[in-house]
Structures are given as structure tokens and as C-alpha cells.
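# Tertiary structure, described
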Amino acid sequence: MPKQVITFLCWLLLANFVCAQQAAEQKSAVSKVRIEIGDIEPPSDDVEESLQFMDAMVALQQELSTQYRQAASDINQAQIKAAEVVLNSSAADDKQFHKAAQVGLARKISSMADASRDEQFRLFQLVKRQVAIGLMQGLQNSDVSNATALATLLERTGSEELAREANETFAELFSDAKNPRYKAYAENFAGTARRLGLLGNSMELEGKLLDGSDFNWEEYQGKVVLVDFWATWCGPCIAEAPNVMANYKKYHSRGFEVVGVSLDTDQKRLEAYVKENAVPWENLFTAGAGWKHPMATKYAIRAIPAVYLINREGKVVSMKARGLELSNQLEEIFNAPAELERALVHLDAQIDSDCQDAFLIGSRAAVYNSLGRSEEARKEWSRAFALDKGVAEQAFESFRTAELWADAVEYGREFVGQNPELPDAWTRVLPFTILAGDLPGYREMCAQMVEQFKDTKSPRIARLVCRNCLLAPNALDADKIPADRFLAMDKSKNPWAFQARAILALRNNNPEEAIKQVDGFEKDPRAPNEFKAKLTNPTLLAMAHAQLGKKELAQSFLATAEKEIKEARAQSIYRANHDVMIVMILFEEAKQMIDAM
């Protein structure tokens, strides 16, 4: 076989930017770079030599690819630097500016996350000029992509005011585009600006309901409404549904409504979900629309769940009302004194001496508790419970929130009796038996819980039993739980297991092991950085160091715990939270231990 000479030619073209004064005499410079590989002698018929030759060729290709990527990167950086000169020059005409913007602005946008407000505004002005010139000279894809990227990043970095201005500006500019493909971007920008301007303003809704009838937005005037963009295929939407339902049940009788806007395309799937989960509120739906649902287009919804909480005056008060934020917002709205009095007047008009609606009567009882009218609350809850024992959970929550521990325990025991197979029912009630001063009742409930779940194979249930049945010293013998077997199921697969083992170690008078377990929790990369951890860990460490006789160290951890507890209880949603109550019980024990030193 004759020799072959294989060469790799890489022609690199460098555009030569000439200043405006020399524009009439523009010249281009071309640099040619030739990478010579040299002569390559094909191998003989020897197998081993052929394999070695193949390896050598692979290595050569890799080296050439590396050199090419480096060269391309160097060229790109050089182009961007050259473009910066033009973009920063007041002498550049529109054509020169537009050419430089296509090269240099994308990089500036991608690196603007930490830019100052002034830097973001200047970049907005540059992109606005790029798009305006593009409309005159012919829009390019980079004009659209830069405008879209800038508007998106401004929104994500929290610059909502500037993001709204940018979207409004781009909507107006792209509405003049001659190409229908580019003109379509105008509505998307307009929708985003519309959505960003919702806070503090009214929201418009219209369309067809799931049953095909017309939706009437006017029927919701004067009510507190959560508008929820969602879909049955959206995992986070389905995960949030129980929280929305719980708040709906709690506040619906007082004027809270939910309106869903489904982005499903499969109507039968949506209907099945609504029926199976007994969803009580209305859902807007357009068959086959999905993300193109008219309301999703109107507000440029690009991610779900997207939720908007609207007050009685029809103004959007939150665009992030999910999870605890929803509960906090509704608590603030419905527990304001004027709102409570208004609710009471509304409920009084519906309830007479012959009323048989336990839920309605319970709603009035809850309002009485919120107003501090505990005697009236007790009478109403007793009346509601006589009609329907299913209100026991609502009564428990009402008295728990009002911090009337004995009343809470009375109905909490009924709730547990109705749901003995639910570990969370037990754990929600147990701490309040201690707070109510009913230590014999606490011991009795702990023994019953241990018996109920003695054969569990669930690490979570085992952990809950241990954590909640070891809250009081000598309340229950540790070997009766049996804690060691339960916690051995967990090993270290869940960070909360560390805390349960720390409590067990304290009950076994092994403070060194308790400190080790708290340390394990804090070092676990999966350990949640939330209020339960911030409250519980310093409290456990205060108890452990008190057992070790290290008073100053124990006092230091106790001070940290006290600060965290005060901050948590300052938030109404956490004030009587059962996890916070657990920490308060342990905190009081730690305080007594330190005072006795």
C-alpha cells in the first residue's frame, strides 16, 4: 500500500473590527493555521502492530480535538472582548452595535446573576437597543434569545420591578415584528409582565369549567381565594394537595375558596382524580390545551404549581402561597380581630338552636377559641361533638391552637381512639398530655401506643414511638418500648433517627452517647436545616452537658435553645406546633436540671 499523507487543516477566520472613522476603508485579515500531522506509515499485516497503530490514531484524534476546542475557546473570548469595545463605544453606529450585540451580549446576560441593580439596568438598555435595531434591519434569532434570557434572569434573580419593565418593553417591541414567528413572542412577554404585576392588584379569570359550564369569577367577590394552576401529572402539585385541602376545610365556612386551573390534556384522567379525591372546588379546564390553556397563556405560566392568594378586596396578596406560607397567610387573614368578628356575625346568622350541622357549629366554636371566649368554645364543641364525633380532630386543633391543653387532650384522645392505626394521631396528642399536667395519662397513652405498634416493621413508626414515649423521665421503662430494637431498625438511614437515639441515651443516663448522636445528626448531609433541628439539638446538648456536670456549657446550649424557641413561637403557625411543644417539654427539663446543679 503506498504511503498516505494525512493532514488536518484548521482555517481560523478572525474578523477585523475597524473603528467608525475608518468604516469606509474596512479591511479584513485572515489568519491561516495549518497543523501538520506528518507522514503516517500504515501498519503491516501484523495484528499487534495494527492494534498499536489504532491506539496511536485515537490518541492523535483526541489531541487534535483538544487543540481545536482550546482554539475555539480562545477565538470566542477574543470575539467577546472585541464586541465589548464596540458595545461600550458611543461612536458605534447601529449596524456595528447590532453586530457586536449578537456576539457579546449573551455572555454578559449569563453572568449577570450577581450583578448590581445599575448593571442589570444597563444590560437591559443594551438588549433593548439590540432588539430595536433588529426590528429595523431584520430580526435575528440572537435578538429574540437575548431578550428572552434577560427577562427570565431578571425574574429569577428577584429583580421583579425591572423584569416587569423589561417584559413590557419587549412585548411592545416584538408586537411590531413582521415575521409571525417573532411576533408571537410579544404575547409571552406581555403575559409575563401581566403576571409580575399581579401582587397588590386584581386578577382576571375566565373560561370553561370541567363540566363544560361557564366559570363566573364574580361569584367569588368578597371571598378569600386561592387560584391554583396545577395538573394531575405534576408531582409537586399532588404533594401540595393535602395542605390545600386541610386549609380549605379549616377556613371554607369562613369564606375561603379555591379555584383550580388545570393544565391537563386528558379530561378523563382529571375527572377521575377529582372524583377519587373528592375535590370540592371548581376547576377551569380546556380540552387538549395543557400549557396553552387561555389563563396559562394570559399570565405566561411556565412552571406549576403556580398559586395566587387573593384577599376579600380582590387583591393578590401572595404569589408563593404554598405549604406553611399558605397556612401563615390564611392564619393572618382569618384571625385578624375584625375578620373574626365578621366571621362570627356570618356564622350566627346560619346557626340557630335547631342547627344540626356539626361542621358549622364547630366553625363557630373555633372562632370563639380564636377570640379567647373559651367557655363559649367549650359549649359549642360539646354540641358539635354530640352531633358528629368526627369533629374530634378539629376540636383538638382548635384547643391546641388556643393553648388550652386539657381541653385539647380531651378531644385528642377521642381522635386517637377513632384512628389508632395512624401513628401521627398519637404523636400529635401525646406531648399535650404532659403540658396538661396529666403524667398518668401520658404513661397510659405511651403504653397503648407501644402495644399498638409493637410489631411494626416501619423505621419511621419505630422512631416516632421512641421520640414521643421518652419525653418525660421515668414515664415508661425504656426496655418496655422496646427502644433498642425499634431504633436498630433505623440504623442511620434517616437523620431524625439520631435525635431519637439521643433522647434514648439521655433516658439511659448516657450523655456521651447523646452528644455523639446529636453530632451525627448535624454532620449528616441529609439533615434538614429547619426549625425542628435548630430547636431540638441545642436542647438535647444542654441536657447532656447537665448530666455531665458541665453547667456553663449546658447554660450556653440552653440559651441558644431559648432563643430559637422564642423565634419559632413568634410565628403563629408554630406557636402550638407539636414539635415545638416537644422541645419546650425537654427545655423545661433541661432548665430544671441546670437549676439543680
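For the structure itself, consult the block above.
In what follows, the accompanying structure is described. (Residues numbered from 1 in each chain as written. Predicted model: local features only at pLDDT ≥ 70, side-chain atom pairs only at ≥ 80, totals over all residues. Heavy atoms only, no water.)

### Things to note about the packing of aromatic side chains
Stated precisely, the cut-off is as follows: Ring pairs are drawn from Phe, Tyr and Trp, using the six-membered ring of Trp, whenever the two centres fall within 6.5 Å, and their geometry is named by plane angle: stacked under 30 degrees, edge-to-face over 60, tilted for the rest. Each helix corresponds to a stretch of at least 4 residues labelled H or I by DSSP, and each strand to a stretch of at least 2 residues labelled E; elements are numbered beginning at the N terminus. Relative accessibility thresholds used throughout: buried, under 20% of the residue-type maximum; exposed, over 50%; partly exposed, between the two (1.4 Å probe, protein chains only). Put simply, a charge is over a ring when the Lys NZ or the Arg CZ is close to the ring centre, within 6 Å, and near the line of the ring normal, within 35 degrees.
Applying the stated criterion to the full structure yields 17 aromatic pairs. With a centroid separation of 5.8 Å and an interplanar angle of 10 degrees, the aromatic rings of F399 and Y411 are classed as stacked. You can see F399 sitting in helix 15 (residues 392-401) and its partner Y411 sitting in helix 16 (residues 405-418), a full 12 residues away along the chain. By relative accessible area, which is 0% here, F399 ends up buried. Since its relative accessible area comes to 6%, Y411 is described here as buried. Taken together, F121, F124, F170, F174, Y185 and F189 form an aromatic cluster joined through their ring pairs. Against the face of F97 rests R129, its NZ or CZ located 4.0 Å from the ring centre. Directly above the aromatic system of Y299 lies the positively charged group of K298, at a separation of 5.9 Å from the ring centroid.

### Points about the pattern of salt bridges
What counts is decided by this rule: Basic side-chain nitrogens of Lys or Arg form a salt bridge, by our definition, when they fall within 4 Å of a carboxyl oxygen of Asp or Glu.
Under the defined criterion, the tally for this structure stands at 26 salt bridges. Where R378 meets D407, a salt bridge forms, and the shortest distance between an N and an O atom there is 3.0 Å. Taken together, the residues R378 in helix 14 (residues 374-387) and D407 in helix 16 connect sequence positions 29 residues apart. Note on D407: relative accessible area 11%, which makes it buried. Where K563 meets E567, a salt bridge forms, and the shortest distance between an N and an O atom there is 2.9 Å. Of the two residues, K563 and E567 are both situated in helix 24 (residues 551-569); the distance of 4 residues between them amounts to about one turn of the helix. Given a relative accessible area of 48%, K563 falls into the partly exposed group. Connected through salt bridges with shared partners, the residues D348, R364, E380 and R383 form a single ionic network.

### Quick notes on helix 8 (residues 235-251)
Rules: One less than the residue count of a helix, multiplied by 1.5 Å, gives the span that helix is expected to have. What we call the bend at a residue is the angle made by axes fitted to the seven residues finishing there and the seven residues starting there. We call two residues contacting when some pair of their heavy atoms lies within 4.5 Å.
Taking 1.5 Å per residue, 17 residues should reach 24 Å; helix 8 reaches 25 Å between its end C-alpha atoms and fits that length. In helix 8, a bend of some 35 degrees at A241 exceeds every other bend along the element, and P242, a proline, comes one to four places later. For helix 8, the complete set of buried residues consists of C237, E240, V244, M245, N247, Y248 and Y251. For helix 8, the secondary structure elements touched by its buried residues are strand 5 (224-230), strand 6 (256-262) and helix 11 (324-334).

### Here we look at the nonpolar core
Here is the rule: To define a nonpolar core, start from buried Ala, Val, Leu, Ile, Met, Phe, Trp, Tyr and Cys residues and group those joined through side-chain atoms within 4.5 Å.
W381 and Y442 are the most contacted members of the largest nonpolar core, which totals 75 residues. It is helix 25 (residues 578-595) that provides the largest number of residues to this core, a total of 9 residues. Once residues lying within four places of it in the same chain are set aside, the contact partners of W381 are G362, A365, A366, N369, V391, Q394, A395, S398, F399 and Y411. V227, C234, M245 and V274 belong to the second-largest nonpolar core, a separate cluster that totals 48 residues.

### Looking at the environment of M245
The residue M245 is located in helix 8 in this model. Among the residues examined, M245 registers a relative accessible area of 16% and is labelled buried. Each C-alpha atom of the pair M245 and V258 lies 9.2 Å from the other, and the pair is 13 residues apart in sequence. Not counting residues within four places of it along the chain, the set of residues in contact with M245 comprises N277, A278, V279, P280 and W281.

### Some points on the pairing of strand 6
Rules: Strands were regarded as paired on the criterion that DSSP finds at least two bridges between them. Viewed with both strands pointing away, a crossover whose connecting path from the first strand over the helix to the second turns clockwise is right-handed.
Of all 7 residues making up strand 6, 7 are buried, and the element is well covered by its neighbours. Two strands pair when backbone bridges link them, and strand 5 and strand 6 are joined in this way by 7 bridges, in the parallel orientation. Across the sheet, the residue bridging to W230 is S262, located in strand 6. With helix 8 bridging strand 5 and the parallel strand 6, this β-α-β connection has right-handed handedness. Both strand 6 and strand 7 (residues 282-284) contribute to a ladder of 3 bridges, which runs parallel. Note on strand 7: the bridge partner recorded for G260 is N283. After leaving strand 6, the chain enters helix 9 (residues 267-276) and then returns to the sheet as strand 7, a path that is right-handed.

### Here we look at helix 19 (residues 459-468)
For helix 19, a buried count of 8 out of 10 residues is recorded, marking the element as mostly surrounded by other parts of the structure. For helix 19, the full list of buried residues reads I461, A462, R463, L464, V465, C466, R467 and N468.

### Focus on the environment of E187
By the secondary structure assignment, E187 is in helix 7 (residues 185-196). Other than its neighbours up to four places away in sequence, E187 contacts R194 and T297.

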